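Listed here are the chains, written in short residue letters.
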Amino acid sequence: MSMGYADKLSNNKSISPEGRGQAKIILRQSIKIKELVDNLNLFSNLEYQVSSTQFTKLYPIKIIRTVIADFLNNGLEDIYTIDLSITDVQSNCCINGDERLFIRVISNLLQNSITHNCTGCNISVKIYLHSINQLSIEIADDGMGASAEDLLKIKSKKHYIMGDSPATEQHGMGLLIVRQIVDLHRGNMMITSNPNDGFCTKIVFEIEVT
């Protein structure tokens, strides 16, 4: 309800520009609260292994294309771009996993870059073979990045939850969810970043070709 009313107010021309601007702030904050609640619920399910996972054959290229298209077709601001690059990976390459959770991984990583680079950024999604039987998915942006100290905190589970600095608050919970899902799929996850030089998350999964 809060999001619905705030959206209507932000587009109401009879309201002053200042009022519409305040409504947009309410809408943005409401979205953040909704995302936090969703992430906390999923975190709890994964933490206590009560999530109803249904592993089937997934086709990462098809799923990632769909997720990116959804972002682009649902009002993504012009200050953001998303580029997809696929190198030496066949479309019939598949992994064993839960489609709902795999979609969440890609969505969380894209949303991290969008939400936490308010002045805009370029996002690159690269899919390539890590080895003959491993697939790499790399999602990176050229935004604000994180310091070496903050990067250590982001990689620490307790700091994911506590969020004791802007960088850990920005990247913490979303990345914790991603790490949990990747672990559930027996994959690997690596994070690299430098201040004002972007943020990059790389995930690697075992694959097969059907």
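Heads up: the structure comes first, above all this text.
One structure accompanies this document, and this report is about it. (Residues numbered from 1 in each chain as written. Predicted model: local features only at pLDDT ≥ 70, side-chain atom pairs only at ≥ 80, totals over all residues. Heavy atoms only, no water.)

## Some words on the sheet that holds strand β7 (residues 199–206)
Inclusion rule: Two strands pair under a simple rule: DSSP has to find at least two bridges between them. Each helix is a run of DSSP H or I of at least 4 residues and each strand a run of E of at least 2, with the numbering of both proceeding from the N terminus. Note on method: axes are straight lines fitted to C-alpha atoms, helices fitted across the in-contact stretch only, with angles between N-to-C directions ranging 0 to 180 degrees. Every residue pair with non-hydrogen atoms within 4.5 Å of one another is taken to be in contact.
Strands sit in the order β2-β4-β5-β7-β6 across an open sheet of five strands; the sheet is mixed. Because the sheet does not close on itself, it has two edges, and the strands there are β2 (80–87) and β6 (188–193). Ignoring which end each strand starts from, the neighbouring axes of this sheet average 15 degrees apart. The strands that helix α3 (residues 60–73) touches are β2, β4 (121–131) and β5 (134–141); relative to β2, the one it contacts most, it runs at about 165 degrees.

## Overview of the packing of α3 against helix α4 (residues 99–115)
Worth spelling out the cut-off: Under this scheme an angle from 65 to 115 degrees is roughly perpendicular, one under 35 degrees roughly parallel, and one over 145 degrees roughly antiparallel; angles in between are oblique. Crossing chirality is assigned from the near helix's rotation relative to the far helix, an anticlockwise turn below a right angle marking it left-handed and a clockwise turn marking it right-handed.
Running from N to C, α3 and α4 cross one another at 45 degrees; their axes reach a closest spacing of 10 Å. With respect to α4, the axis of α3 lies oblique. The handedness of the crossing between α3 and α4 is right-handed. Side by side, α3 and α4 meet where Pro60, Ile63, Ile64, Val67, Ile68 and Phe71 of the first sit next to Glu99, Phe102, Ile103, Ile106, Ser107, Leu110, Gln111 and Ile114 of the second.

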